[in-house]
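Below, each chain spelled out in residue letters.
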Amino acid sequence: MIDKNQKIIDKNLDQEYKYGFTTNIEQIKFEPGLDENVIRKLSNIKNEPKWLLNWRLKAYKNWKKMKEPTWANIHYGPIDYQALSYYAAPKIKSRKNLDEVDPEILDTYNKLGISLNEQKRLEGVGVAVDAIFDSVSITTTFKDELAKQGVLFCSFSEAVIEYPDLVKKYLGSVIPYTDNYFAALNSAVFSDGSFVYIPKNVKCPMELSTYFRMNASNTGQFERTLIIADEGSEVSYLEGCTAPMRDENQLHAACVELIAHEDATIKYSTIQNWYAGDKNGKGGIYNFVTKRGICAGDRSKISWTQVETGSAITWKYPSVILKGNDSIGEFYSVAVTKNKQQADTGTKMIHIGKNTKSTIISKGISAGEGQNTYRGGVKILKNAENARNFSQCDSILIGDKCGAHTFPYIDVKNQTAKMEHEASTSSIGEDQLFYCNQRGIKLDNAVSMIVNGFCKEVFEELPMEFAVEAKQLIEVTLENSVG
Amino acid sequence: MIKIKNLQVSIDEKDILKGIDLEIPKGEVHAIMGRNGSGKSTLANAIAGNEKYEVKNGSIHMNNIDITEMSVENRALSGIFVCFQYPVAIPGVSMAYFLRASINAHFEHQGKEEMDAVEFLNKSKKILNELNLDDSFLKRSINDGFSGGEKKKSEILQLLCLNPKFAILDETDSGLDIDALKTVANGVNKFNSKDNSTLIITHYERLLQYINPDVVHVMVDGKIKKSGDMSLAKEIEKKGYSWLLK
């Protein structure tokens, strides 16, 4: 059985990454290397105001004093930050008109199944897209329609110019540049990302999404996303990511900040499918991401849902600071590692306000030689009366060379807190497979059925269209992974 | 239908079945009785093709085709069905999804069009009703948090939906109260026809009273020690197994 498993796992590892193609376009790209001048040049190219340049420079100085964190359960060779290019952008005349975008780039998004053409909108199901290609945003769809409701949705660079007050007020307010090594680096060199502002009492009329595509080689992608939901507003946002197959590792260090004011709700979903490297662990994206939201107002809610299937390394802990009374934080995660992928992911829920509530559902799936770590912290501060947390961390192992690890940290400073923690690890049961087979269901179908069942609670949190995509992604990822 | 010759099976190098000969013609219902550990469930698993059970010797034929080396799934698709004693739970997978996937796997194998959702619901709801199960049963995760009775009924539901050629009931009567036992027995009687065969594995004669098998076998220490008709089951009920151990 084990030999047969191994054979089929090996076969699976030869599978092609569907999104691994490269787009050949003319581009502007910085020479590799990082110093103050690079940051000045970057800020200059983006016509940034002085305060932002200063902020970047402060972040850079701070970063230089910091050390790369080593506490995570991941192993990789040293990253040479001077060997990376910190800006790569296709040559575009104007962002305003889609007709002027390089057809190669439009074709790239078509191949990825992302429509940048507003006419193609299906009746009733609108998804506005901000398309980020390497360091810049290519276009943002449905901007005008959203503006009618006062919703601001644009690239981060554009927001810096158009809405400097909002950016200045909120940038770094949830993740200060002193926060951690990768957040500091991002603060110094971030290139583009998405900006969202939902005005008071507006329910955003469509799903907003950003699609990140890393194309250029030897480049780091450092995007910055800022979402502000004003009082009583509501928004659902989704990000997707892919990258070409390259032999060298590419660095991706993003920061995402969410701010939910009184009675506001932000739902943030991620389908991360960066290139994961080949079966020997060569190439693939190093994904070091800081994501954090603050429930600033009473009765606000932030919900993170993530499906992590790509990247050679994933280091990511989308967190919620529950400051407002009666605020709610949620984290739903499916992380899949196969071949030599490593994921150290989880969340932090920091309860400050009274009657705050958090839910953590984490599902780890390991196949091949994949290593999957859940790391989660729940902190109940002194004044957080009647705080409640429910955590559930389940892991499933496919084959006998992979691993699952769980590190829950709990820190309770208020006696009225109610905490529940459940954890389980199981092998994908031979008994379950046998049962399915005895009912005539083929092995591959049985595996995807069992894994999808395992992930159900998380998939149910995804917006409908993306739940289907997530299911298919898991099926393709795990095809032939047992025998 | 099923012809088993000199079947010897071991688990983890321990010999469990020590030469079973058994023939069940089309249209017949046979019962195998025996004490705990006599090898009854091993026989069910070996016929289904469970890889944990190693066939050391002998053969299994179904409709004159040697299936001894056939995969679990192909045996299932050729018409072998096991009602398990302890069916495993698959959290998050609904009964409806599982059942339909299973039916359609069989349909595909038989070259038939997929069963559509409406037809599936009509068919399964009718059977649910006969088994005194609520329609909402279809929405529950398969065997997850099911009571003992629900698990057995779920197996019978699948049996009736798939309508296999050869069914093995592995202690389907254990842990059932008298009403549930009758319901399950009715289900089995509904399934039995001149076109299929059934093997009932049990400790007790209780279920057999309702089903009335054509032949009763007694298994002792991995072998069939004695075969007879229903009177053999009654004798065991009265005298126990010890007289057969000599």
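What you are looking at is a predicted structure, and each value in this text was computed from that prediction instead of being measured.

Reading the values: the criteria
- Residues numbered from 1 in each chain as written.
- Chains lettered and ligands numbered in written order.
- Predicted model: local features only at pLDDT ≥ 70, side-chain atom pairs only at ≥ 80, totals over all residues.
- Helix = DSSP H or I, 4+ residues; strand = E, 2+ residues; numbered from the N terminus.
- Rg over C-alpha atoms; globule rule 2.2 N^0.38 Å.
- Contact = placed C-beta atoms within 7 Å.
- Buried ≥ 20, exposed ≤ 12 C-beta atoms within 10 Å, placed from the backbone.
- Nonpolar A, V, L, I, M, F, W, Y, C, P; charged D, E, K, R; others polar.
- Expected span 1.5 Å × (residues − 1).
- Pairing = 2+ DSSP bridges.
- Axes fitted to C-alpha atoms, helices over the stretch in contact; angles between N-to-C directions.
- Parallel < 35°, antiparallel > 145°, perpendicular 65-115°, else oblique.
- Left-handed = near helix turned anticlockwise from the far one by under 90°.
- Arc of directions from axis to C-beta.
- pLDDT = per-residue confidence, 0-100.

This part covers the overall build of chain B. A tally of regular secondary structure across chain B gives eight helices and 10 strands. The globule rule puts the C-alpha radius of gyration for 246 residues at 18 Å, and the 18 Å found for chain B is close to it. Dimensions along the principal axes, computed over C-alpha positions, put chain B at roughly 55 × 40 × 35 Å. Once local pairs closer than 6 in sequence are excluded, the contacts in chain B between residues at least 24 apart make up 70%.

Glancing now at the overall build of chain A. A tally of helices and strands in chain A yields 11 helices and 24 strands. Per-residue burial over chain A gives 55% buried out of 483 residues. Counted over contacts in chain A with a minimum sequence separation of 6, partners at least 24 positions apart contribute 83%.

The next subject is the interface of chain A and chain B. Contact with chain A, which involves 18 residues of that partner, is made by 21 residues of chain B. Contributing elements (two or more residues each) for the side of chain A that touches chain B: α9 (430-438) and α10 (443-459) of chain A. For the side of chain A that touches chain B, the residue count by class is seven nonpolar, seven polar and four charged.

Okay, helix α5 (residues 148-162) of chain B next. Residues and elements named next belong to chain B. In this model α5 runs 22 Å from its N-terminal to its C-terminal C-alpha over 15 residues, within 8% of the 21 Å that 1.5 Å per residue would give. For α5, the complete set of buried residues consists of K151, K152, K153, S154, E155, I156, L157, Q158, L159 and L160. Its buried side turned inward, α5 meets β6 (80-83), α3 (95-109), α4 (117-130), β7 (166-170) and α6 (178-191). In the stretch just after α5, N163 is the one whose phi turns positive, near 45°.

Residue and element names in this part refer to chain B. Note that M62 resides in strand β4 (residues 54-62). Classification of M62 as buried rests on a count of 21 C-beta atoms within 10 Å. Considering only alpha carbons, one finds M62 and E237, 175 residues apart in sequence, at a separation of 32 Å. With residues up to four places along the chain from it excluded, the contact list for M62 reads M1, I2, I67, S78, I80 and F166.

Residues and elements named next belong to chain B. Taken in spatial order, the four strands of this open sheet run β2-β1-β4-β5, and their pairing is antiparallel. Each end of this open sheet is capped by a strand with a single partner; those strands are β2 (14-24) and β5 (65-66). Two elements, strand β1 (residues 2-11) and β4, share seven bridges in a ladder whose sense is antiparallel. Among the inter-strand pairings, I4 is bridged to a residue of β4, identified as I60. In the packing of helix α1 (residues 40-48) onto the sheet, the strands contacted are β1, β2 and β4, and the crossing angle to β2 comes to about 70°.

Residues and elements named next belong to chain A. Counting buried residues along strand β14 (residues 284-295), 12 of its 12 residues qualify, which places the element largely inside the surrounding structure. In terms of strand pairing, strand β12 (residues 255-260) meets β14 through six bridges, oriented parallel. The residue bridging E257 from the neighbouring strand is R292, located in β14. Looking at chain direction, β14 and strand β17 (residues 319-322) are connected through four bridges and run parallel. Bridge pairing in β17 places R292 opposite S319.

This part covers the packing of α9(A) against α10(A). Residue and element names in this part refer to chain A. Put simply, α9 and α10 touch, their axes get as near as 9 Å, and they point 125° apart. Of the possible angle classes, the one that applies to α9 and α10 is oblique. Seen from above, α9 lies across α10 with right-handed handedness. Across from Q432, L433, C436 and N437 in α9, the residues of α10 making contact are L443, A446, M449 and I450. Among the residues forming the contact of α9 with α10, the class breakdown is six nonpolar, two polar and no charged.

All names here are of chain B. The end-to-end C-alpha separation of α6 is 20 Å, in line with the 20 Å expected for 14 residues at 1.5 Å each. Within α6, the full set of buried residues consists of L181, V184, A185, G187, V188 and F191. Within α6, the buried residues cover an arc of 155° as seen down the axis, which keeps them to one side. Exposed residues lying more than 90 degrees from the buried face of α6 are I178 and D179. Tucked inside the fold, the buried residues of α6 contact α4, α5, β7, β8 (197-202) and α7 (206-211).

Here we take up unusual backbone geometry. Note: most residues except glycine have negative phi, and most peptide bonds are trans. Positive phi values are uncommon outside glycine, yet N355(A) reaches one of about 55°. The residue N355(A) is located in the loop between β19 (342-351) and β20 (357-367) in this model.

All names here are of chain B. Taken in spatial order, the six strands make up an open sheet running β6-β7-β8-β3-β9-β10, and their pairing is mixed. The open sheet has two free edges, formed respectively by β6 and β10 (223-228), since each of these has just one partner strand. Each strand of the sheet is rotated relative to its neighbour by a mean of 20°, with strand direction disregarded. In the sheet, strand β3 (residues 29-34) pairs with β8 via five bridges, with the strands oriented parallel. Each bridged residue has a counterpart across the sheet, and for H30 the counterpart in β8 is L199. Sitting on the sheet, helix α8 (residues 230-239) touches β3, β9 (215-220) and β10, and the angle it makes with β9 is about 45°.

Attention now goes to the packing of helix α2 (residues 36-45) of chain A against helix α3 (residues 50-65) of chain A. All names here are of chain A. Two elements in contact, α2 and α3, have axes whose closest approach is 10 Å; the angle formed by their N-to-C orientations is 155°. Compared by their axis directions, α2 and α3 come out roughly antiparallel. In this structure, α2 meets α3 at a crossing whose hand is right-handed. Contact residues: α2 offers E36, I39, R40 and S43, while α3 offers L52, L53, R56, L57 and Y60.

Residues and elements named next belong to chain A. Relative to the helices and strands, I428 is located in the loop between β24 (418-427) and α9. Under the C-beta neighbour-count criterion, I428 is labelled buried, with 22 such atoms within 10 Å. Linking I428 and Q415, residues 13 residues apart in sequence, is a C-alpha distance of 39 Å.

Our focus in this paragraph is the pairing of β17(A). Residue and element names in this part refer to chain A. Neither face of β17 is left uncovered, since the one carrying S319 and I321 and the one carrying V320 and L322 both have all their residues buried. Direction of pairing for β17 relative to β19: parallel, over a ladder of three bridges. The residue of β19 that forms the bridge with V320 is M349.

Turning to the confidence of the model for chain B, a few remarks are in order. Close inspection of predicted coordinates is inappropriate for parts of the model with low pLDDT. Scored by pLDDT, chain B has a mean of 92; 100% of the residues are at 70 or more. Interface predicted TM-score (ipTM) for the complex: 0.96; the corresponding pTM is 0.80.

Below, the discussion takes up the confidence of the model for chain A. Overall, the predicted model of chain A reaches an average pLDDT of 83, with 84% of residues at or above 70. For residues 121-125 of chain A, every residue scores under 50 in pLDDT, and the model assigns this stretch two contacts once sequence neighbours within four places are set aside.

This next bit is on the environment of W55(A). Mapping W55(A) onto the fold places it in helix α3. In this structure, the C-alpha to C-alpha distance between W55(A) and L171(A), residues 116 residues apart in sequence, is 9.8 Å.

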